[in-house]
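Observations on the three-dimensional arrangement
One-letter residues, chain by chain:
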Amino acid sequence: MDNPVLLTPRNWEDYELIDSGGFEKLERFGGVVTVRPEPQALWRKALPEEEWDRTANAVFRRGAAEGAPSGKRAQTDERGTWDLRPGVPGQWRIDYAYKDMSLRMRLGFTAFKHVGLFPEQAENWDFIYDSIDRIRSGADGRPAVLNLFAYTGGATLAAASAGAAVTHVDSVKQVVGWARENATGSGLDQIRWIVDDAAKFVAREVRRGNRYRGIILDPPAYGRGPDGEKWVLEQHLPALLDDCARLLEPSGSFLILNLYSMGLSSLLARSTVKDIFRPGQFAPSEEKYGELYFSDRAGRQLPLGVFYRAFFGR
């Protein structure tokens, strides 16, 4: 694969990007329609504001920055509150299906505009499922898969559905509890749940001599570990990938790296991975890099992050 590609999930029934524009997006998650900030929706909305107001039953409102002077409500993308119509549940569930994979995930309204799911990642869930099926066809047992910065566990569930023994790592205890709830709702078990700083956990795994057939990384631009460890993507990602290269089997294995920071490209992701997962040891038989996106009803393609993924060996 010599050129970046654009990929969008094809199997969602419970998710739709209805409209986008004016730095917002109008989305349907099952029976709940939300309005959320979207810094990359630079264009104008296709639907009139009245249609957004009529359709949405949950709207995220950015909160005033703490300490802002009265009358100058400085806005922040990070925190806010939700305006809900009467009768809208605080929590609800949606389903995702692909081949023999059937996932059920609980959604809810958070103070950081998220609802517990990045729906564009379904494109990677399908790749995870197919990669593990490919690995299992040539070997017995349950291949070990490591999911770092694993959030509420969509990738974890996809790997477990395909028959992998998954280690799920996230630094936020409540988020790991949410992922466990999703696993229970999907009828999945035999998942190892770890509340830890990703870099520290991976370094210990290297010292233990453990190996994995798949590694999934979904790092934030900035973050904190459970003990206050500071994570800055540009500073810490290369060292983390270097340790991951020591953990990943060089053949019959796969790697996924997602980047959400605006300004970071898929070429950057690919070059960083290729510098560490060197061709002399890791020879990809399948490789893709590019952008994940959804199209709204007007046909505008909204970019929602960049990715690099590869299957190594047979």
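Summarised in this report is the structure supplied together with it.

Cut-offs and rules
Residues numbered from 1 in each chain as written. Predicted model: local features only at pLDDT ≥ 70, side-chain atom pairs only at ≥ 80, totals over all residues. Heavy atoms only, no water. Helix = DSSP H or I, 4+ residues; strand = E, 2+ residues; numbered from the N terminus. Pairing = 2+ DSSP bridges. Axes fitted to C-alpha atoms, helices over the stretch in contact; angles between N-to-C directions. Contact = heavy atoms within 4.5 Å. Right-handed = clockwise from strand over helix to strand, strands pointing away. Salt bridge = Lys/Arg side-chain N within 4 Å of Asp/Glu carboxyl O. Buried < 20%, exposed > 50% of the residue type's maximum accessible area, 1.4 Å probe, protein only. Core = buried A, V, L, I, M, F, W, Y, C linked by side-chain atoms within 4.5 Å. Phe/Tyr/Trp six-rings, centres within 6.5 Å; stacked < 30°, edge-to-face > 60°. Lys NZ or Arg CZ within 6 Å of the ring centre and 35° of its normal. Polar contact = N/O pair within 3.5 Å; in protein donor to acceptor, adjacent residues only side chain to side chain.

Quick notes on unusual backbone geometry
- Positive phi, close to 55°, is recorded for Phe149, a residue that is not glycine.
- Backbone geometry at Tyr151 places phi at a positive 55°, although glycine is not the residue there.
- Take Tyr151: it is sitting in the loop between strand E9 (144–148) and helix H3 (154–161).

Quick word on the sheet that holds strand E1 (residues 5–7)
- Spatial strand order, E1-E16-E17-E15-E12-E9-E10-E11: 8 strands in an open sheet with mixed pairing. The sheet is open, and its two borders are formed by E1 and strand E11 (191–195), each paired with just one other strand. Sheet twist, expressed as the mean angle between neighbouring strand axes with direction ignored, is 20°.
- As judged from the 4 bridges shared by strand E12 (residues 214–217) and strand E15 (residues 253–259), these two strands associate in the parallel manner. Residue pairing in the sheet places Leu217 in a bridge with Leu257 of E15.
- Running over the sheet, helix H6 (residues 233–247) touches E9, E12 and E15 and is turned about 170° from E12.

Details of the environment of Asp126
- Following the sequence through the fold, Asp126 ends up in helix H2 (residues 122–137).
- With 140 residues separating them along the chain, Asp126 and Ser266 place their C-alpha atoms 19 Å apart.
- Setting aside residues up to four positions removed in sequence, Asp126 forms contacts with Asn11, Tyr96, Tyr98 and Met101.

Looking at the pairing of E11
- Where strand E10 (residues 165–170) and E11 come together, 5 bridges link them in parallel fashion. Across the sheet, the residue bridging to His168 is Trp193, located in E11.
- Taken together, E10, helix H4 (residues 173–185) and E11 form a β-α-β motif whose crossover is right-handed.

Digging into the pattern of salt bridges
- Enumeration over the complete set of coordinates arrives at 25 salt bridges.
- Arg36 is paired through a salt bridge with Glu27; the nearest N and O atoms lie 2.8 Å apart.
- It is possible to trace a salt-bridge network through shared partners that takes in Glu16, Arg28 and Arg297.

Concerning the environment of Asn147
- Structurally, Asn147 is set in strand E9.
- Sequence separation between Asn147 and Gly30 is 117 residues, and the spatial gap between their C-alpha atoms is 26 Å.
- Aside from chain neighbours lying at most four places away, what touches Asn147 is Ala155, Thr156, Thr167, His168, Val169 and Ile216.

Focus on the pairing of strand E16 (residues 284–295)
- Here E1 runs beside E16; their pairing, made up of 3 bridges, is parallel. Looking at E16, one finds that Leu6 is bridged to Glu291.
- Judged from the 10 bridges that link them, E16 and strand E17 (residues 301–312) form a sheet pairing that is antiparallel. Within the sheet, the bridge partner assigned to Tyr293 lies in E17 and is Pro303.

Quick notes on the side chain of Ser266
- Tracing the chain through its elements places Ser266 in helix H7 (residues 266–276).
- On the accessibility criterion, Ser266 (7% relative accessible area) is buried.
- Excluding residues that lie within four positions of it along the chain, Ser266 makes contacts with Pro4, Tyr289, Gly290, Val306 and Phe307.

Focus on the nonpolar core
- Formed by 50 residues in total, the largest nonpolar core has its most connected members in Trp12, Tyr96, Trp125, Ile128 and Phe254.
- Per element, the largest residue contribution to this core is 7 residues, and it comes from H2.
- Apart from residues lying up to four places away in sequence, Ile128 is in contact with Ala155, Ala158, Ala159, Ile216, Phe254 and Ile256.
- Grouped together as the second largest cluster of nonpolar side chains are 34 residues, Leu240, Leu255, Ala269 and Tyr289 included.

What about the packing of aromatic side chains?
- Summed over all chains, the structure comprises 16 aromatic pairs.
- Measuring from centroid to centroid gives 6.1 Å for Phe127 and Phe254, while their planes differ by 90°, and the two rings are edge-to-face. Here Phe127 is found in helix H2, whereas its partner Phe254 is found in strand E15, with 127 residues between them in sequence. Across the pair, Phe254 and Phe127 agree in class, each one buried.
- A network of ring pairs unites the aromatic residues Trp12, Tyr15, Phe29, Tyr96, Trp125 and Phe294 as a single cluster.
- The ring of Trp178 has Arg106 lying over it, and the distance from NZ or CZ to the ring centre is 4.1 Å.
- Note that Arg134 overlies the ring of Phe311, its terminal NZ or CZ placed 3.9 Å from the centroid.

Considerations on the environment of Arg213
- Looking at the element boundaries, Arg213 is found in the loop between helix H5 (198–208) and E12.
- With a relative accessible area of 24%, Arg213 lands in the partly exposed category.
- Between the alpha carbons of Arg213 and Val166 there is a distance of 10 Å; along the sequence they are 47 residues apart.
- For Arg213, the side chain forms a polar contact with the main-chain oxygen of Gly252, separated by 3.3 Å.

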